[in-house]
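Here is how the chains run, residue by residue.
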Amino acid sequence: MNKKDIANFRKQFKVDTELLKIQDVFYVYIVKESDVIYHHESIPFEMLEKEQQELFIDSFKSVLTGQLDEKLFELKFQRDVENSSQLILHQGLLASDTEDWKAQMLRMVEKMMKDKQYEMDVVITFVRGEYRKPVKSRNDEAEVSEMDSVYSHSFILCSVNKTQEPRKELLFDYAEKGFKYNIVVDPIINLKAPINGFLFPCFTDHYADVNHVLYAAGKKYELDDHFILDVLNAEETMTAQDDKIIFEEIVKKVAGDQLSTSTLSNMYDEINRVIEENEEEEIPKLDYKDVEKVLKSSGVQDVDTEKVEFAFKTVLDDSQYELKASNIIPKPTSKSIKIKTKLADIAVSPQDLRYVRQVMLNGKLCLVIELEENTVIEGFHMIPEALVEKSKVEQE
């Protein structure tokens, strides 16, 4: 799934919509520091009160919130795994009645509790529903409605939420004219911040991909290896942050850790060009040969295939690894490059990096920024100054 597919799916999570119908909600309560299922129950979504439906909808949307390779990850299922989650989820997807579906979801819960105990009570919520996508965009002048021709797919979404202790509050009782404590003993389920979750299957354009699952991490860049490997039986993955660090280390191995801003700017321009040329296709990836081309085009000297391949092996122990281009370039539409100095921190966009230079002036290391207009500081326009050492005669 790309970000467009995820956005299209997520925006259909509404209480009243014809394009996404939630059929059943199944939630399981797990007691902390144990493998005990304290309670579980299933209820048709339409039987819930509207306020409850909206709470669940917000929770499900939270699972699908975040950027790809930062908080959301499309994972490929491992092959030849005993008690495969791919098979369990697929059987749940095809279950003809609620009891069959619940039985498959409880098998997933067993895998979540195996070899792991949660530090707090948790609630695991499963929903199953139908996702419908029109074949073509709506034509108001046509006699045929967009809903007359759609792709229809079943899906399962899971959200793992922690509980928190209820707050003790002081209230004023208008009727009795006095203060009193409001003590609630029931734990509160934090629906706004899932600690894990997933969507099965993945959706690409109009197609359902049962060989992949969309995993949702609780926090940005923090992957739960137990959940990925042992619960979902999916393959390991890298975050965008990992790819960026790997790319930087590879470049350092090939070109050293000292680069001019023009070389760095050229490098980002070249990678961004690769992304733009493949905008309508699968996310572009760079192997060691592609990285070699990027470095050469950016002006890095003494670059050859063997040197770059060796850098891949040294950093990754895998010369065949492919870096996602979108992960290793700063966001081009924002001031995503941070320049840190002892005196000040500066943020610039990748395309503006070429206007920043580190130079020696009067024997001192200086950061120079080429400007197209006068600088304004606290409402005052700055006057250009000449940075030239005075002669000894002038000083005397």
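Computed from a predicted model, the values in this text were never measured in an experiment.

When helices and strands are tallied, the chain shows 11 helices and 20 strands. Within the chain, counting contacts between residues at least 6 apart in sequence, those at least 24 apart form 65% of the total.

Here the focus is unusual backbone geometry. Phe 200 connects to Pro 201 through a cis peptide bond whose omega is -5°. Mapped onto the secondary structure, Pro 201 falls in the loop between strand 9 (196–200) and strand 10 (202–204). Phi angles above zero are rare outside glycine, and Asn 233 is one such case at about 55°. You can see Asn 233 is positioned in the loop between helix 5 (225–231) and helix 6 (240–255). Positive phi outside glycine occurs at Asp 302, with the angle close to 55°. Checked against the element boundaries, Asp 302 lands in the loop between helix 8 (288–297) and helix 9 (305–316).

To continue, consider the confidence of the model for the chain. In this model, the chain carries an average pLDDT of 85, and 88% of its residues clear a pLDDT of 70 or more. Counted against residues more than four places away or in other chains, residues 142–146, with its pLDDT under 50, gives four contacts. Low pLDDT (under 50) marks residues 390–396, which in the prediction has one contact with non-local residues, meaning those over four places away or in another chain.

This part takes up the packing of helix 8 against helix 9. Contact pair helix 8 / helix 9: the axes reach a minimum separation of 9 Å and the direction vectors enclose 125°. Here helix 8 is positioned oblique relative to helix 9, judged by the angle of their axes. When you trace helix 8 past helix 9, the crossing you get is right-handed. Between helix 8 and helix 9, the contacting residues are Tyr 288, Val 291 and Glu 292 on the first element and Thr 305, Val 308, Glu 309 and Phe 312 on the second. Of the residues belonging to the contact of helix 8 with helix 9, the class tally is four nonpolar, one polar and two charged.

Time to look at the pattern of salt bridges. Scanning the model with the defined rule gives 10 salt bridges in all. Salt-bridge contacts for Glu 277 lead to Arg 273; the nearest nitrogen and oxygen are separated by 2.5 Å. Taken as a pair, Glu 277 and Arg 273 lie in helix 7 (residues 261–277) at a separation of four residues, close to a single helical turn. Several salt bridges converge on common partners, so that one network encompasses Glu 270, Arg 273 and Glu 277.

Under the criterion given, the structure shown has one cavity of 30 Å³ or more. The computed volume of the largest cavity comes to approximately 40 Å³. Contributing to the lining of the largest cavity are Met 1, Asp 5, Asn 8, Phe 9, Tyr 131, Lys 133, Phe 203 and Asp 205. Elements with a minimum of two residues in the lining of the largest cavity: helix 1 (3–10) and strand 4 (122–134). For the lining of the largest cavity, the leading source of residues is helix 1, giving three residues.

The next point concerns helix 4 (residues 98–113). In this model helix 4 runs 22 Å from its N-terminal to its C-terminal C-alpha over 16 residues, within 8% of the 22 Å that 1.5 Å per residue would give. Trp 101, Lys 102, Gln 104, Met 105, Met 108, Val 109, Lys 111, Met 112 and Met 113 are the residues of helix 4 that are buried. Just downstream of helix 4 lies Asp 115, where phi reads positive at about 60°.

Nonpolar side chains collect at one region of the surface, where Phe 172, Tyr 174 and Phe 179 lie side by side and expose about 440 Å² of accessible area between them. By secondary structure assignment, the location of Phe 172 is in strand 6 (residues 169–173). A relative accessible area of 41% places Phe 172 in the partly exposed class.

What follows covers the pairing of strand 9. Most of strand 9 sits out of view: five of its five residues are buried. Residues Asn 196, Phe 198 and Phe 200 of strand 9 are buried on one face, and the alternating residues Gly 197 and Leu 199, pointing to the opposite face, are buried as well.

What follows deals with the nonpolar core. In terms of nonpolar packing, the biggest core is built from 33 residues, with Met 112, Phe 126, Phe 198 and Leu 232 touching the most fellow members. Ranked by the residues each element gives to this core, the list is headed by helix 4, at six residues. Discounting chain neighbours no more than four positions away, the residues touching Phe 126 are Asp 24, Val 25, Phe 26, Trp 101, Met 105, Met 108, Val 109, Met 112, Leu 157, Cys 158 and Phe 198. Listed in part, the 30 residues of the second largest apolar core include Val 254, Val 274, Leu 286 and Val 308.

The rules behind these values
Residues numbered from 1 in each chain as written. Predicted model: local features only at pLDDT ≥ 70, side-chain atom pairs only at ≥ 80, totals over all residues. Heavy atoms only, no water. Helix = DSSP H or I, 4+ residues; strand = E, 2+ residues; numbered from the N terminus. Contact = heavy atoms within 4.5 Å. pLDDT = per-residue confidence, 0-100. Axes fitted to C-alpha atoms, helices over the stretch in contact; angles between N-to-C directions. Parallel < 35°, antiparallel > 145°, perpendicular 65-115°, else oblique. Left-handed = near helix turned anticlockwise from the far one by under 90°. Nonpolar A, V, L, I, M, F, W, Y, C, P; charged D, E, K, R; others polar. Salt bridge = Lys/Arg side-chain N within 4 Å of Asp/Glu carboxyl O. 1 Å grid on protein atoms, 1.4 Å probe; cavity = no way out; pocket = protein on both sides within 12 Å on 5 of 7 lines; lining within 4 Å. Points joined across faces, edges and corners; volume = space filled by probe spheres on them. Expected span 1.5 Å × (residues − 1). Buried < 20%, exposed > 50% of the residue type's maximum accessible area, 1.4 Å probe, protein only. Patch = residues over 30% accessible without salt bridge, like charges linked within 9 Å, V, L, I, M, F, W, Y side chains within 5 Å. Areas by Shrake-Rupley, 256 points an atom, 1.4 Å probe, with all protein chains shown as cover. Core = buried A, V, L, I, M, F, W, Y, C linked by side-chain atoms within 4.5 Å.

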